[in-house]
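What follows is the residue order along each chain.
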Amino acid sequence: MDENELKATIALKGIGVSPGIVIGSAYVLNRQDIKETLYKLSGGGEVSREIKRFRKSLRNSRQELLDIKTDLKDRKGIGSLLVDVHIMILDDKTFARNVIKNIKDHCVNAEWALKMTLSQQREIFDRIEDDYLRERIKDVEYVGQRILINLSGKALERVSDIEGEVVVVARDLSPADTVQMSTRKILGFATDIGGKTSHTAIVAKSIAIPAVVGLEKITEEVNTGNVIIVDGTAGVVIVNPDPEVIKRYEDKKRHYLVMEEDMLKDAHLPAVTADGRSVGVGANIEFVEEIPSAVFHGANGVGLYRTEFIYINKEQLPTEEEHFSSYKKVIVGEGIKWATIRTFDLGGDKFVSDAGLAEEMNPVMGLRAIRFCLQEVELFKVQLRAILRASAYGNTGILLPMISGVKEIMDARNIIDEVKGELLSEGIPIDEDIKIGIMIEVPSAVIMAEQLAERVDFFSIGTNDLIQYVLAIDRVNERVTYLYKPLHPAILRMIRQVVDVGHSAGIKVAMCGEMAGDPLCTPILLGLELDGLSMTPLAIPRVKKIIRNSTVKESKELLEKVMTFPTAQEIEECVRDYMVQRFPEFCPVDWQIT
Ligand code: PEP
Ligand code: MG
């Protein structure tokens, strides 16, 4: 009998973070942590058994590295050289001899002997003065982890290991995991953990696969091979659906695809309201490869290039040439007339293997974004050189993330000026008048908007972080998602203040947080008179259509009305009613305000 027939249908409600419906076979990603435990050996027989186990895990690790090397051979930009280094460490006779010596001398199991050897190596590396060489302990530790996994016999699964068209189910996925899904045939994913505007969610949207996060216990409810439906639009996951439910979702999926296709028909028309106000609609991208999709969905510019994704899944820091080549490709991309390149925002929920980011208790409020750049000036300059060089090829803006006050702008501008001077003295062409803007995503930047506006060319409001900091809600924590409200009266007042201050100072104010692409928020944002909205490409056709079918006058009336409400719930209700009446065709009941 089919295993699925024995199982009851289970439906779970989570947070839909990437729209669309997928019906497929589940693949549960096994991600148990592996910890070294100590056990004492009783004698010679056990000692030689442990040595044999260790030698076997060395051989297996070596073979895995050779496989990775073969896999990487044809892909550019990834360090197969680094894999060579790891193989050299594995082949190092002293390393293996030390582990075996620890097994024998201390009568301990191979895992513990490996742990002892690694900490002895760490002590030696800590005494090295040269920063680069000292950091190479990371390579030794990486190899140690691989041996440990082999000793445990449990493979720590990676997304890149998954074969076949499946729906991934996992406790949690990092943005780096999600990025890898774009090159595999992953249909969609569902996770226990995660919030609406986490970077994992943002990547899911950018690679256009349906996803639901924050399901709390989906990993307990599903086994690999179960049939699973992920409805990323409604935030629902159904495990072991009966044929009738499958049929209903197939119909829903067809309806969704027809609606999307319909929306695409006039995606290229300009975003001008019925009473003549033009709104600059740009795309948020994480990868250069998204440019064709951005243009296809109706963007003629990039409002936010999240350049930190250049660092993700890389074993080594990208070079100036790698940066330059990515920026130039965006700027000269077919159909792209302007591009705003955000300097890297590493930290928070985005990780990188080798940028020297320490583990922090509270990374979202830690050394991230501009703070990190102002400390790691050399790293920052590499990126700035590349952006400035690329600016010679088209209309480019620099966007500085996480600005909390005037001093950070002054410091960043000094570094930008220094880099400009260097490039000019080297005779390299740049746009000397390149526009410099800041993200408004820290509450102090809202309060200080007047002083900040005097020192920059444009503002871009990052609602993902602004909401997180203003309402004190962790954007990746599913437990507090119910409090994450873009239409909270405090948020609307802050946006209004930033727009007013920006316009009084004669600068443009755009928005590039997820709120900008939420069709339910579009009339409110029109009423708030934002000059530009930048969003994930898939969201563009619908938002543009709403803009074209609205007037600023009616949007302002709606805004004035909602500004009298004291709670986010009342505002949401009012906006929803308005949308259902005004745009019934775009407004399925299960839309969520993101
Ligand atoms: C934001 O915070 O709104 C934003 C656009 O930046 P990110 O999502 O990359 O933090
Ligand atoms: Mg942000």
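Residues numbered from 1 in each chain as written. Chains lettered and ligands numbered in written order. Predicted model: local features only at pLDDT ≥ 70, side-chain atom pairs only at ≥ 80, totals over all residues. Heavy atoms only, no water.

For the chain, the helix and strand inventory stands at 24 helices and 16 strands. A globule of 594 residues ought to have a C-alpha radius of gyration of about 25 Å, and the chain, at 26 Å, matches this closely. Seen through its C-alpha atoms, the chain measures out along the principal axes to roughly 85 × 75 × 45 Å. Looking at the 594 residues of the chain, the share that counts as buried comes to 54%. Counting only contacts in the chain whose residues sit at least 6 apart along the sequence, the fraction spanning at least 24 positions is 70%. (Helix = DSSP H or I, 4+ residues; strand = E, 2+ residues; numbered from the N terminus. Rg over C-alpha atoms; globule rule 2.2 N^0.38 Å. Buried < 20%, exposed > 50% of the residue type's maximum accessible area, 1.4 Å probe, protein only. Contact = heavy atoms within 4.5 Å.)

On to the coordination of the magnesium ion (ligand 2), then. Each pair of donors in an ideal octahedron of six around a metal sits at 90 or 180 degrees, and each pair in an ideal tetrahedron of four sits at 109.5 degrees. Glu 441 (OE) and Asp 465 (OD) make up the full set of protein donors to the magnesium ion (ligand 2), lying at 2.0 to 2.2 Å. Here the residue Glu 441 occupies a position in the loop between strand E13 (435–440) and helix H17 (443–447), and Asp 465 occupies one in helix H19 (residues 463–470), the gap between them amounting to 24 residues. (Donors = N, O, S within 2.8 Å, 3.2 Å for Na, K, Ca; no water.)

Next up on the list: the packing of aromatic side chains. Counting across every chain of the model gives five aromatic pairs. Ring centres of Phe 287 and Phe 309 lie 5.7 Å apart, and the angle between their planes is 75°; on these two criteria the pair is classed as edge-to-face. Linking Phe 287 in the loop between strand E9 (280–285) and helix H12 (291–296) with Phe 309 in the loop between strand E10 (301–306) and helix H13 (320–331), this pair joins segments that are 22 residues apart in sequence. The class for Phe 287 is buried, based on a relative accessible area of 15%. Between Tyr 311 and Phe 344, the aromatic rings sit 4.8 Å apart at their centres with planes inclined by 55°, giving tilted as the arrangement. Placement of Tyr 311 in the loop between E10 and H13 and of Phe 344 in the loop between strand E11 (338–342) and helix H14 (369–375) is noted, with a sequence separation of 33 residues between them. In this pair, the class of Tyr 311 matches that of Phe 344, namely buried. Through a chain of ring-to-ring contacts, the aromatic side chains of Tyr 311, Phe 344 and Phe 372 assemble into a single cluster. One cation-aromatic arrangement involves Arg 389 over Phe 324; the distance from NZ or CZ to the ring centre is 4.0 Å. For Arg 582, the ring lying beneath its charged end belongs to Phe 583, and the centroid distance is 4.6 Å. (Phe/Tyr/Trp six-rings, centres within 6.5 Å; stacked < 30°, edge-to-face > 60°. Lys NZ or Arg CZ within 6 Å of the ring centre and 35° of its normal.)

Bringing the sheet that holds strand E15 (residues 508–511) into the picture now. Strand pairing in a sheet takes place through backbone hydrogen bonds and is either antiparallel or parallel in direction. Spatially, eight strands are ordered E9-E10-E11-E12-E13-E14-E15-E16 in a closed barrel, and the strand pairing comes out parallel. Direction aside, neighbouring strands of the sheet carry axes that sit 25° apart on average. Summarising the sheet, E9 and E10 pair through three bridges and their orientation is parallel. When the sheet's bridge partners are listed, Asn 284 is paired in E10 with Leu 304. (Pairing = 2+ DSSP bridges. Axes fitted to C-alpha atoms, helices over the stretch in contact; angles between N-to-C directions.)

Here we come to the sheet that holds strand E8 (residues 236–239). Strand order in the open sheet formed by eight strands is E1-E8-E7-E3-E4-E5-E6-E2, with mixed pairing between adjacent strands. The sheet is open, and its two edges are formed by strand E1 (10–13) and strand E2 (15–18), each paired on a single side. Pairs of neighbouring strands in the sheet enclose a mean axial angle of 30°, with direction left out of account. Sheet analysis places E1 next to E8, joined by four bridges and oriented antiparallel. Residue pairing for E8: Lys 13 is matched across the bridge by Val 236. Of the strands in this sheet, E2, strand E5 (188–191) and strand E6 (211–213) touch helix H9 (residues 199–206), which is tilted by about 50° from E2.

Let's shift gears to helix H22 (residues 540–548). At 3.6 residues per turn, the α-helix brings residues three or four places apart onto the same side. By the criterion of burial, H22 is predominantly enclosed, with nine of the nine residues buried. Regarding H22, the residues found buried are Ile 540, Pro 541, Arg 542, Val 543, Lys 544, Lys 545, Ile 546, Ile 547 and Arg 548. Buried positions along H22 lie against helix H11 (243–264), E9, H12, helix H21 (522–527), strand E16 (532–535) and helix H24 (568–582).

Attention shifts here to the packing of helix H23 (residues 552–562) against H24. For the pair H23 and H24, interaxial distance at closest approach is 10 Å and the crossing angle is 155°. When the interaxial angle is binned, H23 and H24 end up roughly antiparallel. In this structure, H23 crosses over H24, and the sense of that crossing is right-handed. Residues Glu 554, Leu 558, Lys 561 and Val 562 of H23 form the contact with H24, whose own contacting residues are Ile 571, Cys 574, Val 575, Tyr 578 and Arg 582. The class makeup of the residues in the contact of H23 with H24 is six nonpolar, no polar and three charged. (Parallel < 35°, antiparallel > 145°, perpendicular 65-115°, else oblique. Left-handed = near helix turned anticlockwise from the far one by under 90°. Nonpolar A, V, L, I, M, F, W, Y, C, P; charged D, E, K, R; others polar.)

Bringing a positive patch on the surface into the picture now. On the surface, a cluster of positive charge is made up of Arg 55, Lys 56, Arg 59 and Lys 104. The element best represented in the positive patch is helix H2 (residues 44–72), accounting for three residues. Within the secondary structure layout, Arg 59 lies in helix H2. (Patch = residues over 30% accessible without salt bridge, like charges linked within 9 Å, V, L, I, M, F, W, Y side chains within 5 Å. Areas by Shrake-Rupley, 256 points an atom, 1.4 Å probe, with all protein chains shown as cover. Salt bridge = Lys/Arg side-chain N within 4 Å of Asp/Glu carboxyl O. Lys, Arg positive; Asp, Glu negative; His and termini not counted. Charge placed at Lys NZ, Arg CZ, Asp CG, Glu CD.)

The next thing to look at is the confidence of the model for the chain. For the chain, the average pLDDT comes to 88, and 90% of its residues sit at 70 or higher. Note that residues 74–79 has pLDDT below 50 and, in this model, six contacts with residues that lie over four places away or in other chains. (pLDDT = per-residue confidence, 0-100.)

Taken as a whole and judged by the stated rule, the model has 36 salt bridges. Between Arg 277 and Glu 529 there is a salt bridge whose closest N-O contact spans 3.0 Å. Here Arg 277, found in the loop between H11 and E9, pairs with Glu 529, found in the loop between H21 and E16; they are 252 residues apart in sequence, far enough to count as distant. When its relative accessible area of 24% is taken as the criterion, Glu 529 is described as partly exposed. Between Lys 553 and Glu 557 there is a salt bridge, with its nearest N and O atoms 3.2 Å apart. Taken together, the residues span about one helical turn, with Lys 553 and Glu 557 both in helix H23 at a distance of four residues. Accessibility expressed as a relative area gives 48% for Glu 557, which makes it partly exposed.

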